[in-house]
Amino acid sequence: MRRKLSDQELRQALIELSQWHTQLIDEAQSLTRSYPFKNFMAALMFANRIGELAESANHHPQLNVQWGRLDIFWWSHDVEGISTSDVDLARASDALFNTL
């Protein structure tokens, strides 16, 4: 079961996830990051890798693919905000990006 982070826990997570920030999506906070790419296909290929990660975790982000960029938004509908799962998946997203 997911648990919504307290304000203090979220502040602490954002220290570690220094390239992430929060943004309101559907009136709930989300963890958001933009990843840069050299073209559309590279961004799309990374989006597919994030999709595999999401499927394995049974937790699905919003993905916006553009030329040279992928924006990811992790949040949990069931807790109406950012959960421990979202932080874990943001870390996993960064780890995937660092393997490129």
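Rules used in this analysis
- Residues numbered from 1 in each chain as written.
- Predicted model: local features only at pLDDT ≥ 70, side-chain atom pairs only at ≥ 80, totals over all residues.
- Heavy atoms only, no water.
- Helix = DSSP H or I, 4+ residues; strand = E, 2+ residues; numbered from the N terminus.
- Buried < 20%, exposed > 50% of the residue type's maximum accessible area, 1.4 Å probe, protein only.
- Contact = heavy atoms within 4.5 Å.
- Polar contact = N/O pair within 3.5 Å; in protein donor to acceptor, adjacent residues only side chain to side chain.
- Core = buried A, V, L, I, M, F, W, Y, C linked by side-chain atoms within 4.5 Å.
- Phe/Tyr/Trp six-rings, centres within 6.5 Å; stacked < 30°, edge-to-face > 60°.
- Pairing = 2+ DSSP bridges.
- Axes fitted to C-alpha atoms, helices over the stretch in contact; angles between N-to-C directions.

**Q** Any chance you could explain the environment of Gln19 here in plain terms?
**A** Note that Gln19 resides in the loop between helix H1 (7–16) and strand E1 (21–25). Looking at Gln19, the relative accessible area reads 52%, which means it is exposed. For the pair Gln19 and Trp75, spaced 56 residues apart in sequence, the C-alpha separation works out to 16 Å. Discounting residues that sit within four places of it in the chain, Gln19 has contacts with Thr32 and Arg33. Polar contacts involving the side chain of Gln19 include one to the side chain of Arg33, which spans 2.3 Å.

**Q** Can you walk me through the nonpolar core in this structure?
**A** Generally speaking, soluble globular proteins have nonpolar side chains that are buried together. Of all hydrophobic cores here, the largest spans 24 residues; its most connected members are Trp20, Leu31, Phe37, Phe46, Ile50, Ile72 and Trp74. For this core, the secondary structure elements donating two or more residues are H1, strand E2 (28–36), helix H2 (40–57), strand E4 (69–74) and helix H3 (84–98). Among the elements that make up this core, the one with the highest residue count is H2 (7 residues). Apart from residues lying up to four places away in sequence, Leu31 is in contact with Leu10, Leu14, Leu17, Trp20, His21, Ile72, Phe73, Trp74, Ile82, Asp86, Val87 and Ala90.

**Q** Sorry if this is basic, but what is going on with the packing of aromatic side chains here?
**A** To describe a pair of aromatic rings, you give the distance between the ring centres and the angle between the ring planes. Evaluated as defined, the whole model comprises 6 aromatic pairs. Geometrically, the ring pair formed by Tyr35 and Phe97 is tilted, given 4.8 Å between the ring centres and 45 degrees between the ring planes. Of this pair, Tyr35 sits in strand E2 while Phe97 is found in helix H3, placing the two residues 62 residues apart along the sequence. Pair check on accessibility: Tyr35 and Phe97 agree, each one buried.

**Q** Could you clarify how one ought to interpret the sheet that holds E4 in this entry?
**A** As a general point, the strands of a sheet are linked pairwise by backbone hydrogen bonds and lie either parallel or antiparallel. Taken in spatial order, the 4 strands make up an open sheet running E1-E2-E4-E3, and their pairing is antiparallel. With one partner strand each, in any of the chains shown, E1 and strand E3 (62–66) form the two edges of the open sheet. Here the average twist between neighbouring strands, direction ignored, is 30 degrees. As judged from the 6 bridges shared by E2 and E4, these two strands associate in the antiparallel manner. Bridged to Thr32 within E4 is Phe73. Across the sheet, H2 lies against E2, E3 and E4, angled at about 25 degrees from E4, the strand it touches most.

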